[in-house]
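Given next are the chains, with one letter for each unit.
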Amino acid sequence: MAGDLLTALARVFTTFLQFQGFTLGVEDILVKEKADKKRRKFMKKGRVSGEEAVIEALSLSDNCDRYMYISFIVLCFDHQRSHLNTWY
């Protein structure tokens, strides 16, 4: 009975996607120059925002350098990984 219900739902969803779904062609996924500039701008902004978020999340001082917080992340990750290895 459950199998029949799942089969019926699969048919309904498949039919829905056939009528309401969309296709993606090569033209749709090509990155145009204007879009690429916009993407690069967001990525650059994200790097800065990411660094700020790490500094805030780890309660590091605002004047710490990139090496300092990367070292802190690596130290935390290694500690967590060594902790997991002793759990087994």
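Bear in mind the structure is a predicted one, so any value in this text is a computation, not a measurement.

Novice: Residue-level account of the overall build of the chain, with values.
Specialist: Counting its secondary structure elements, the chain contains 4 helices and 0 strands. Its helices and strands taken in sequence order, the chain reads α-α-α-α from the N to the C terminus. Taking all 88 residues of the chain together, 6% fall into the buried category. Counting every atom, the chain has about 8600 Å² of accessible surface; 63% of that belongs to carbon and sulfur.

Novice: Describe helix H3 (residues 33–57), naming the residues involved and giving the relevant values.
Specialist: Taking 1.5 Å per residue as the helical rise, H3 with its 25 residues ought to reach 36 Å, and the 35 Å between its terminal C-alpha atoms agrees with that figure. By the criterion of burial, H3 is predominantly exposed, with just 2 of the 25 residues buried. Phi turns positive, to about 55°, at Ser59, one or two residues after H3.

Novice: Quick rundown of a positive patch on the surface? Include the residues and the values.
Specialist: Residues Lys34, Lys38, Lys41 and Lys45 make up a contiguous surface patch of positive charge. Within the fold, Lys34 resides in helix H3. Overall, the relative accessible area of 73% leaves Lys34 in the exposed class.

Novice: Describe the pattern of salt bridges, with residues and values.
Specialist: A full pass over the atoms with the stated rule returns 3 salt bridges. The partner of Lys37 in a salt bridge is Glu33, and the shortest N-O contact between them spans 3.8 Å. Here Lys37 and its partner Glu33 are both found in helix H3, 4 residues apart, which amounts to about one turn of the helix. Considered together, Lys37 and Glu33 belong to a single accessibility category, that of exposed residues.

Novice: Outline helix H1 (residues 2–20), supporting the account with residue identities and numerical values.
Specialist: Between its first and last C-alpha atoms H1 spans 26 Å; for 19 residues at 1.5 Å apiece the expected length is 27 Å, and the two agree. In terms of burial, H1 is largely open, as just 0 of its 19 residues are buried.

Novice: I'd like to hear about a nonpolar patch on the surface, residue by residue, with values.
Specialist: Among the surface-exposed residues, Leu5, Leu6, Leu9, Val12 and Phe13 lie close enough to one another that they form a single nonpolar patch of about 500 Å² accessible area. A relative accessible area of 34% means that Leu9 is categorised as partly exposed.

Novice: How would you sum up the environment of Thr15? Please name residues and give values.
Specialist: Its place among the elements puts Thr15 in helix H1. Looking at Thr15, its side chain comes within polar contact range of the main-chain oxygen of Arg11, at 2.9 Å.

Scoring rules and cut-offs
- Residues numbered from 1 in each chain as written.
- Predicted model: local features only at pLDDT ≥ 70, side-chain atom pairs only at ≥ 80, totals over all residues.
- Heavy atoms only, no water.
- Helix = DSSP H or I, 4+ residues; strand = E, 2+ residues; numbered from the N terminus.
- Buried < 20%, exposed > 50% of the residue type's maximum accessible area, 1.4 Å probe, protein only.
- Areas by Shrake-Rupley, 256 points an atom, 1.4 Å probe, with all protein chains shown as cover.
- Expected span 1.5 Å × (residues − 1).
- Patch = residues over 30% accessible without salt bridge, like charges linked within 9 Å, V, L, I, M, F, W, Y side chains within 5 Å.
- Salt bridge = Lys/Arg side-chain N within 4 Å of Asp/Glu carboxyl O.
- Lys, Arg positive; Asp, Glu negative; His and termini not counted.
- Charge placed at Lys NZ, Arg CZ, Asp CG, Glu CD.
- Polar contact = N/O pair within 3.5 Å; in protein donor to acceptor, adjacent residues only side chain to side chain.

Function cannot be inferred from these measures alone, as they are strictly geometric.
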